[in-house]
Structure formats: structure tokens, C-alpha cells
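Structural overview
The residues making up each chain are set out below.
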Amino acid sequence: MSVIDGFRTRAEGLRLLQDRRLPVLVTAGLFVLMFGFGAFRYQSYGFLDAQVFMNLFIDNGYLLVAAVGATFVILTGGIDLSVGSVIGFTTMLTAWLVEKQGLPLLLVAPIALGVGAFGGYLMGYVIHHFEIEPFIVTLAGLFFFRGLCLVISKESISITDPTVDRLAQTHVPLPGGSFLSIAAVISLAVLALAFYVLHYTRFGRRVYAIGGNEQSALLMGLPVAGTKIAVYTVSGFCSALSGLLFTLYIQSGDPLHAVGLELDAIAAVVVGGTLLTGGSGYVIGTLFGVLVLGLIKTLIQFEGTLSSWWTKIATGVLLFAFILIQRTMTGRRRT
Amino acid sequence: MSLTSLWRAATQHRLFWPVAALVALLVINVPFTPGFFEIHLKNGHLYGSLVSIVLFGSPLILVAIGMTLVIATGGIDLSVGAVVAISGALACLVVSKQADQDSVAGVLLAFALALAVALVCGAWNGLLVARLGIQPIIATLILMVAGRGIAQLITSGQIITVNSDAYSLIGGGYWLALPFSLFVVALVVVLSMALTRRTALGLLVEAVGGNAEASRLVGIRSRRIKIMAYMFCGLCAGIAGLMISSNVSAADGNNAGLWIELDAILAVVIGGTSLTGGRFHLGGTIIGALIIQTLTTTIYTIGVPTQTNLVFKAVVVIVVCLMQSSVFRAKVFGARAKRRGPAQKSPGAAADAAPQMEVSS
Amino acid sequence: MAEPRPVLEMTGIVKEFSGTRALSDVDFRLFPGEIHALLGENGAGKSTLIKVLTGVHPLDGGTVVLEGRPVRITSPLQAQQAGISTVYQEVNLCQNLSVAENILIGREPVAAGRIRWKELRRRAAQLVTRFGLDLDVSAPLGSHPLAVQQLVAIIRAVGSGNPAAADEGDAAAGTRVLILDEPTSSLDRDEVEELFALMRRLRQDGVAILFVSHFLDQIYEVCDRMTVLRNGALVGEHLVADLDQVNLVKLMIGKDLDELEELSEHHTEPDTSEPFLKAEGLSRAGGIAPFDLEVRAGEVLGLAGLLGSGRTELARLLFGADTSDGGKVYIGGDQAALREPNDAIGRGVAFLSENRRTEGLVPDLTVRENIILALQAARGWTRPVPASQRDELVAKYIAALDIRPADPEAKTGSLSGGNQQKVLLARWLLTQPKLLILDEPTRGIDVGAKAEIQKLVVSLSEEGVAVVYISAELEEVLRLSHTMGVLRDRRLVARMANGPDVTAGRVLEIIASGEHQ
């Protein structure tokens, strides 16, 4: 038994360094540090006001939902470039159906969600059954949905529907006088649901198994095809939901809404500690990824003298740093 | 040689279908634009639909040529759009700061600076891919995200306009009755053909992309080759950036070269170069880029609402990729192939493939 | 003595791949509660037989009877359901999931769609304990060493036959036949012991185990019975106790000893010149134990040994394809640091890998391009071989090696195995190497091409090229080499000059026993 005892101690030692929660903790730590920095530097500007923190959720709720969908795809080792276009398309579709066709939002929302999910399903089907790289298929999705935006209308459609207005303006009060928007609450609910699905259902575990080793998953008798297609369907659904939240946030449909948002979503997932090669990561990490990206924007706003493009540069630097961390972590695991 | 065998030889040429598609697209235009193929001389400049297709397609051709080499090594470069923006922004900034914007020396300095930075961007991507071993999609994603920010940083978020005849020559000017950009494209095409086919670079790139392990065992310095490919791609994107900014005499950090990486990848794939690397076809890529540009023009001329352009493009991407997918061909045309003879799949391939299942860690 | 009824009986198995017979009329049987070794060199048909049995390949003839009933197995899943479980050399599990999940994924205990994690861990722990292991089942599989992963794979395999039984913690209830395909090749001694203990426990439970290993000692330690295949045909089935190692090796490598004696030609010329390449204590953990080796110009050094004995690993170290952990290499008298193949190539070493497809050919490129590749790589990208010179060289070697079709424009992917091998040989000959390392150059090619390649080796050595010749076919090694090295269990156990006293019998004995007097 001495051999096995040896395994045990070795395993214990490695676990600390290899713990898959480590990247999430790093990101959470980074968030706290950045927040502390902001609190220290902009103390007199009301940075510590609880609402500043809540606004992170209000301003980034749609991104969180999109990033949660992207997390599913990336966990299987795939990628979804169509996120931004599906969001843009959903804003257009919603605005057009509500404003130009006079349909009630209650009917429009399920339609939009269904279209997004079906788009994701189609992409997943082609990716899996015809063995075409996800990158290319979702790129076609990117073109397609952005194109559909323009087909609906080349002009922006602003929404004056009272239901939309009411939903957008509703404050969900929190203790301490701060509040959240409906969209923020929905995004947090999506996060919680995703966490449950990934960690407490067989489907969720299959997502991890495929990302860990698709060939093994197949040999272990898991339904790989269905799971892979489902993951893109989830991403399509989340993108459409994100589009609805974005519509609430901005109260218009515009063919140029959310251009390039897929990059933000992917960046948030990576910064949140999910490996782009799949199989490792947590949806909670994605939350921190979104919060860190959101906080960068907030800090830049508070600084006042810095311009918006620093957001992109900082995101790039963060991406680089986290990809390096991932690289060294996987490198160590291999040896 | 009989006519049928001639026909068969022609259809089997790898450029047949791309060229056929291009010709078909051009012909479609004729009923809508009667003088489509006409080219006339006005004020010493050549005008005509064909001329403008080449003129507007120039930046795409350039970027796609660089992309071809990167894809041939088994990689991909998502950052070319950002590099286009950076290069244009830097050049415009340098020119706009000069007292005499028409000074040729000043413009040349601006070009040199911009292209140097583009080369650095390419080298950065190459180092991440070849030295650090990061997946190409991910490695170039970094610059794709940060690069736009850098471009806006250079222009301070404004659109920098320049007023320089010397500067506007490269992207909008005419020389010997032809658009000057045509000469630039021709030069780059000739250079890249020479670089790849007159030296051994093309062969080594194809070997690295075709079988990386065999290339290592045969002594090819694949890291160096890959870094060079990314640098070349960066340089091409840099030149395209100069052209785009010169054409409108302005640099827009946000929108210059937006989505050009996607068009370029599409052009490469249509041209017959596989995304998995290996054999590449510069001629095919150029035709691919021209098809994309002609498609855009055609959509304008035949009166289809321009907004469907992207939907069309999406359909083209999918159809081209489906046709390239062996699984799709097997599923759709499989029945016919089976009737023709025994299965084409060699047993050796099947037997060899099985033990290669690896535990990815 | 009345034998118990076999749990599995395969009779007259035939498998063809586009006309070539991979298995011809093979019989194979397994008894419950035995560990049965399947033995044979590369191409003997071991893996084909396993793949037929597990439903990966459909069989072209013969019958399979499982527990008295004829069955037709068409997919791995169906094999599993029928009670045939397989564990491959590469652990087919997910490193990122916990041990418990790896054992039970797909069969997790759920309540109202929610995974009951505690119950899952409890069941996994129960299974693990039942097999006499003590593991933290909630740790990710990747944090455990390969040996433990291998054991986990076995636990999953035997636990997956019958979900209901597994749910009750009765581990091996569903599995009648367990196939272990080279599970020990990357384990160290102690780890192998753990595995054997587990195998013996399963044997007690009445499971029939099919065990594939290249290590003869292991087979004699753990197996009860063995079946030997050669060239796709059955050579014999023996009780391990009835057949000693020397006779086993004879069965595997084939040919009667007398026949081998006749074929051996000895051409030893005393050579006192400085060795072209000298290795001192060269080693790589998990690959090959420290070894010393010398090759002189014009000398053919033959390496004999069974598959998996470390012959390829040795060759890769000499070429810098793998980096060594310890020891020194001298090439041309100077110490050489071989970190990359380039370092060896620059000193005149060439290496023909045993894996033509994955490590040799660039299948998309033409014959001409593949032939010119090594020379071009050495010259660098700025100095292309001039077209006229290139075409001349290519034409010369296509003619000299009789490559067919003699078309420099043909894609190498479409050539036959023998011609592909010749293309790769031509590639290296173009660089005029001083040392040519050939790893199984004649495997999987037709007889004519084999003879041509052997002739080529002789003429190269006459021209002063040093050759390291690796082959599973003893006859070839004996005939061609001036000096010989024998490998066994990842160790170079013997080095000797090839002479009248070096007989096939003696080499076989060394391969079988590892002892060299």
C-alpha cells in the first residue's frame, strides 16, 4: 500500500498548485484590489457608494448573460463568434416587432429567444455533424445575423412601447437604499441557473467531460453529439436573452448594436479563468471576469482624464496576462 | 486531345471553380449594367466597373495574401483588422503633424514608421504562437482586442484627416492612367510569389503546415518560418491600412479595416487553401478576394438591397466550407460515390488513425 | 482433464483491409478466471483481433461465441453492454474531472435531475475500496499519476458492464471479459505491482482478462495462458507454465532456428578507427536506461529486440528527436549537445522514423518536394536548390530506388507503403549523411522493396556510411550488421561483433533472458 500512500501525498501537494479554482481566486483578488484602488483614489467622489457597485451589474448585465453562454461553449473547447451579432439582431427584431408590428413584448420575447436558440442549434449541428471548425461556422453566423439586422432596417428603431419603458425603469430596491434593474436581476438569475446546470446536472458534467477529452467522452459512452449541439443552442439562447436585456438597457434596436461584443464575452470568460482549450473553468469566474472588465470602465470614468480606448487596451493586457497564466498552468500539468 | 478530355482537365484544375464563380458573378452584372465590361479613359484616368472592383478590392487582396501564408503554416491571424487601423492611424498622425503635408519625404517617413509598427505587431503574434506555443486564434485575439484601442489612442479617439496629395496617391491616386493601388498590389503579389516560390520559403511553409512533426524531424526551423509568416501578414495589413486611410484621406481607429480579417480568411478559403494548413495558393486567394469584392459590387448593381450583402456572404462561407468538408461530401454525395466503386477510404488510414487517439491534457 | 467452458470463443476469424489479410483464420478462446496474454510483433494482428472483438472493425469471416451464445458485435458500446470492457494504453478518461466522476459519469445518481454528489462519491469510494485501493475520489484525475489513472480506467471498465450491479457496489458483476491493451508500458515497477494485484483480484472474481504487454517478464509473472500470433495467423496457444521464454521468442519472431542460421552472413572487418558516433551513459527516463554505444564509418550496427524494448527510444536520442536526461554523445570526436533534430542533422546524422505517415511524409506534397525537403531544410529558405539541379537529383534517386510511379509530381499520400519508404530514404540520401539511422525500414512493405532496401544498406556501408539498423526481424539484422546490440525491457543488454559465434539462437536467448555471457 506504500505506493498508493505515495500517490496520495504527491496528489495533495499538486492539488494546491493545480486547483482549478485558483484562476477564479486570482480574478476575484484582482477585482478586490482594483475596487480597493478605486475606493482609495476616488473616495471623495462617492466611489464607495453602494450604487456604484450595483451599477456594475446594471451596466454589464447583458454582457454577463452573453458571457455565461460563451462559457458553456468554451468549456467544451469550442468558440462562438456569433454572440455580438445575435445580440444586435435581437435588439432589431424586438424593436421592429414591438414598434413596427405592434406586437406585445410578452409575445415578442419568446419569439426572439426561440430564434436565437434555433440559430445556435443550427450552428452546433453543422459544427458537429459536418466537422467544420466552430470558428468558421460561427463566423458565418456572425455575418448572417448582422446581415439580418440590416435586412430588417438600416436605421435605428427607438422603442417607445410603455411596457418596455416600464420594465426598463423599474428599480428593484435593495437594503441600504441602492437598487438593481430588472435586467441585472435576470442576469444574476441566469448565472445561478448556469451554475446549477453545470455542477448539478448530467448535462453540465458532460460539458466538462467533452472539454476535457472529447475522444474519451465518446468512448465512455456519453452522448457527445447531443451535448455539443446543445451547448451552441444554450449560447444562442443566452445571446438572444442578452439582446433582450440590451434592448431594455438602451431602449432601441440598431443594426450596429453590440458589434464586437463577442470579443468582450470571450475576454470575460478567459479573464474569469476558463481555459480556452476547454474542460476547466467556472461560471462564477465568468462573473468576476465581467465585473473586472466593467470595473475598468468605471475606473476610467471616475478618472475622467482617461479616454474610453484605454478600456480596450487594458482588456488586451489582461487577456495577455491570463493567457500566459493559463499557458504556464497547463504546461506544468503536462509534465 | 478531345474536347471532353480538355473539359475534364479544365474542371479538375483547382482554380476552375473559383474562376468560374468569378466569371459568373461578373456576367450577372451585364444585363443590369449594360456597359459593365467597358473601360474608358477620362481625364487620363481609366474608369469602369472592372477598374473600381480592383481598386476597392486592393486592401482585401493585400490582407488576404498575408493571411494565406499564416493559414498555410496551420495558423490564423485575427488581428489584421486592428493592424490596418494602427498603421493608418500612425501614418495619418505623422503626416498631419508636419508643416508641409505634401512633402514626399514626410509621407515616406510616415509610411516607414507605420509599416515598421505593423511588422512589430506581426512579430508579436509570431512570438506568441511560435515561442510561447499559444493557439493562434487565442494569441492573435489579444492584439485584435487591444489593437483597436491602440489605434484610437494614436488618433486620440478622433478621426484624423490629412490633406496631402502625396499621401492620397497610394490609395486613391492614379498613375499611368491606372489606380496607383493597382501597382502596389501588383508589386506585393509579385514580391510574395517571388518570396515563396523563388526561394524555398513556400515549400518550407507547406511542410510545416502539412506535417509539423515530420518537419521538425527533417530539420526545418519551423519557429522561424512561422514568425516570418506572421510578420509578413502584419506587413501586408500595414500596407492595406495605408491604402484605406489614403483613399479617404483620414484615419478612423474604430472602423478602419473592421471585419477585414473575416473577409480575408474567407478569400483564402474560397481560393482553395485549407484552414488546416499545408498547400497554399496565392493565385486562388487573389481570385477569392476579387469574388468577395465583385459580390459586393454585384449586390449594388443588380439592385438587391445592399444590406443583404452580409447574409449573402454568410451563405457563401457555409456553402464553401460544406463543400470542403469531406464528411459533408460523404453524406450528400456518398451514395453516388459508393455505387461507383469500393470505398475510397484506405484501410491504412483507418488503421493508422486509431492509435493516434491521444489524451489531451 | 475436462476444461471449463470458455467464456469467449472466436473461431476462424478473418479480417481483410482492401485485399490484404490482417487476420486469416485465427482461433482464440478465453476461460473465466484466467489472465491470458496475447503476443506478437508489429503487424502480427493483435490490435486487429482486439478491434474485431470490441466491435471497432466488423469481421469478414468466422464466429464469435460469448458464454455459449453466438454474438455479432458491431460497436464498442455493444461490446460493453455484452460484458466486454477495454482499457487502452492511452487512458481514455477525462483528466479534468474527479476520480469519482470518471468512474461513474453517465451513471451518476440523480434525484429529480440533480446529481447527488455525496452519494456519487460514496459509491465511487466503495468501488475503489473494493478493488483494494485507497484514493481521494474527489481529487481531479489529472492530479494522480498515470498508474492510478490506469487503475481508475479499469475500475470504470469493469464497473460499467452492468449499471444496476455497479449501483449496488458489486464491481465486476457485469464484466465477463476485460481487455487490457498495453496498460503497463508507462508504469514503473511498483505501479505494475499494484496493477497486477488488481488483475489477480478480478481473476478471483471470475473475470477473463486479455492482457497485451511487450514485457515478457510481466507475462510470466501474471499470466496463465498465452496465444501467439504472427503475420495475422495463429501460431499457437500455450499454458505459460509449458513454454519457456526462449521458445516463446522463437514463436514470436518466427522461422525455425536452422533456417535463421543459414541466412546469417557475417562480415566483420576489424576496424580500429575512431567511432563516428559515440554515446556514453545516454538515457531518458521512461524511455531507455543509460547505454553506451559506438558506430564507425562504414559499419552497420544492428539493433535487435522486441517491440517496446526501447529500440526506437534509443534511436530518437541519437538523433535529438527526444532530449536525453543524462549522458553524452560524441559525433566526429566532438561532444554534441542534441537538443533538436537540427543539431544532429548538421553533424551528418539522418533518421528514418518507423512512423512513415505521422513522422515522415508530408502527404499533401509531391514526391519531388518530399525528396528535396531535408536538403532544403539544411540549406535554409534563402538558398533554394536550383531547379535544374533539383530535378536531376530527384530523377536520379527515383531511378536509383525504383520509386513508382516514377512521377515527381505524384502526391506522396497516394503512393504504396514501399514507395513512400523509398521517397523518405531518397530524402535523406540526398543530404549525403555520414550516419543513417533506419527504424524498421522494411515494415509493412512488400518483399521486393524489402530486398532492395537491404541491398541499399549494404552498398551504403561499402561507401563508408555508418548505419544503425533497427528491425524486429532478426534475420535482417543478422544478415546486414557488422556489430549488434540487443535490447530488452528498455535496456541495451548486449553489444557484440557479428561473427560466426553470433547465432540467431544466441540472440534469441539474450532477448528472452536479458543475460549475456
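Use the structure listed above.
I will try to describe carefully the structure that is included in this document. (Residues numbered from 1 in each chain as written. Chains lettered and ligands numbered in written order. Predicted model: local features only at pLDDT ≥ 70, side-chain atom pairs only at ≥ 80, totals over all residues. Heavy atoms only, no water.)

Residues Arg131(B), Arg221(B), Arg223(B) and Arg224(B) make up a contiguous surface patch of positive charge. Positionally, Arg221(B) belongs in the loop between α10 (212-217) and α11 (222-248). (Patch = residues over 30% accessible without salt bridge, like charges linked within 9 Å, V, L, I, M, F, W, Y side chains within 5 Å. Areas by Shrake-Rupley, 256 points an atom, 1.4 Å probe, with all protein chains shown as cover. Salt bridge = Lys/Arg side-chain N within 4 Å of Asp/Glu carboxyl O. Lys, Arg positive; Asp, Glu negative; His and termini not counted. Charge placed at Lys NZ, Arg CZ, Asp CG, Glu CD. Helix = DSSP H or I, 4+ residues; strand = E, 2+ residues; numbered from the N terminus.)

Working definition: two side chains of opposite charge can pair if their charged atoms are close together. This model, assessed by the stated rule, comprises 31 salt bridges over all chains. Put simply, Arg130(C) and Asp205(C) hold a salt bridge, and the shortest N to O gap is 3.0 Å. Of the two residues, Arg130(C) is situated in helix α4 (residues 117-130) and Asp205(C) in the loop between α7 (189-204) and β10 (208-212); the sequence distance between them amounts to 75 residues. With a relative accessible area of 36%, Arg130(C) lands in the partly exposed category. Note that Glu280(C) and Lys278(C) form a salt bridge whose closest N and O atoms lie 3.6 Å from each other. The exposure class of Glu280(C) is partly exposed, given its relative accessible area of 34%. Here the salt bridges share partners, and the residues they tie into one network are Glu213(B), Arg216(B), Arg316(C), Asp322(C), Glu340(C) and Glu359(C). (Buried < 20%, exposed > 50% of the residue type's maximum accessible area, 1.4 Å probe, protein only.)

This part takes up the side chain of Ser245(B). Among the structural elements, Ser245(B) can be located in helix α11. Look past the residues within four positions of Ser245(B) in its chain and what remains in contact with it is Gly88(B), Cys92(B), Tyr167(B) and Ala250(B). (Contact = heavy atoms within 4.5 Å.)

A separate point is the sheet that holds strand β12 (residues 233-239) of chain C. Residue and element names in this part refer to chain C. Taken together, 6 strands build an open sheet; the order of strands is β6-β9-β10-β3-β11-β12 and the sheet is mixed. The sheet terminates laterally at β6 (84-87) and β12, the two strands that pair on one side only. Averaged over all pairs of adjacent strands, the angle between strand axes in this sheet comes to 20 degrees, irrespective of strand direction. Where strand β3 (residues 35-39) lies against β10, 3 bridges are found, and the strand directions are parallel. Residue pairing for β10: His 36 is matched across the bridge by Leu 210. Here α7 sits on the sheet in contact with β3, β9 (177-181) and β10, set at roughly 150 degrees to β10. (Pairing = 2+ DSSP bridges. Axes fitted to C-alpha atoms, helices over the stretch in contact; angles between N-to-C directions.)

Moving on to helix α6 (residues 136-155) of chain B. All names here are of chain B. For α6, with 20 residues, the first-to-last C-alpha span of 28 Å sits near the 28 Å given by 1.5 Å per residue. A maximum bend of about 30 degrees is found in α6 at Ala 146. Across the 20 residues of α6, 18 count as buried, placing the element largely inside the fold. A positive phi of about 55 degrees marks Ser 156, the residue just after α6. (Expected span 1.5 Å × (residues − 1). Bend = angle between axes of the 7 residues up to and from the residue.)

What follows concerns the interface of chain C and chain A. Interface extent is often summarised as the accessible area lost during association of the parts. Counting from both sides, the interface comprises 37 residues of chain C and, opposite them, 30 residues of chain A. Across the chain C/chain A interface, buried area totals approximately 2900 Å², and carbon plus sulfur atoms make up 58% of it. Inspection of the chain C/chain A interface yields 2 salt bridges. Here Arg205(A) ties to Glu101(C) by a salt bridge, and the two come within 2.6 Å at their closest N and O atoms. (Buried area = accessible area lost by both parts, 1.4 Å probe.)

All names here are of chain B. For the coordinates displayed, the defined rule picks out 0 disulfides over all chains. Cys 233 provides the cysteine sulfur closest to Cys 121, a residue in no disulfide bond, and the two sulfurs are 11 Å apart. On the basis of relative accessible area, Cys 121 is assigned to the buried category, the value being 9%. No disulfide involves Cys 236; its nearest neighbouring cysteine sulfur is the one of Cys 233, lying 6.7 Å away. When its relative accessible area of 1% is taken as the criterion, Cys 236 is described as buried. (Disulfide = S-S within 2.5 Å.)

With 359 residues, the main nonpolar core has Ile265(B), Leu178(C), Phe291(C), Phe319(C) and Val507(C) as its most contacted residues. With sequence-adjacent residues up to four places away left out, Phe291(C) is seen in contact with Ala279(C), Glu280(C), Gly281(C), Leu282(C), Leu314(C), Leu317(C), Leu318(C) and Leu492(C). Among the nonpolar cores identified, the runner-up in size contains 26 residues, and Val7(C), Phe28(C), Leu49(C) and Val64(C) belong to it. (Core = buried A, V, L, I, M, F, W, Y, C linked by side-chain atoms within 4.5 Å.)

On to empty space enclosed by the protein, then. Enumeration according to the criterion identifies 8 cavities of 30 Å³ or more in this entry. Volume-wise, the largest cavity comes out at about 280 Å³. Forming the boundary of the largest cavity are 17 residues, of which Leu219(A), Gln80(C), Thr86(C), Val87(C) and Tyr88(C) lie nearest the centre. Elements represented by at least two residues in the lining of the largest cavity include exactly α2 (76-81), β6 and α5 (146-159) of chain C. Here the residues of the lining of the largest cavity sort into 10 nonpolar, 6 polar and 1 charged. Of the volumes computed, that of the second largest cavity is approximately 100 Å³. Forming the walls of the second largest cavity are 12 residues, and the residues nearest its centre are Pro23(A), Gly273(A), Leu275(A), Gln326(A) and Met329(A). When residues of the lining of the second largest cavity are traced back to their parent elements, those giving at least two are α2 (22-41) and α14 (309-334) of chain A. For the lining of the second largest cavity, the element with the highest residue contribution is α14(A), accounting for 5 residues. For the lining of the second largest cavity, a count of residues per class yields 7 nonpolar, 3 polar and 2 charged. (1 Å grid on protein atoms, 1.4 Å probe; cavity = no way out; pocket = protein on both sides within 12 Å on 5 of 7 lines; lining within 4 Å. Points joined across faces, edges and corners; volume = space filled by probe spheres on them. Nonpolar A, V, L, I, M, F, W, Y, C, P; charged D, E, K, R; others polar.)

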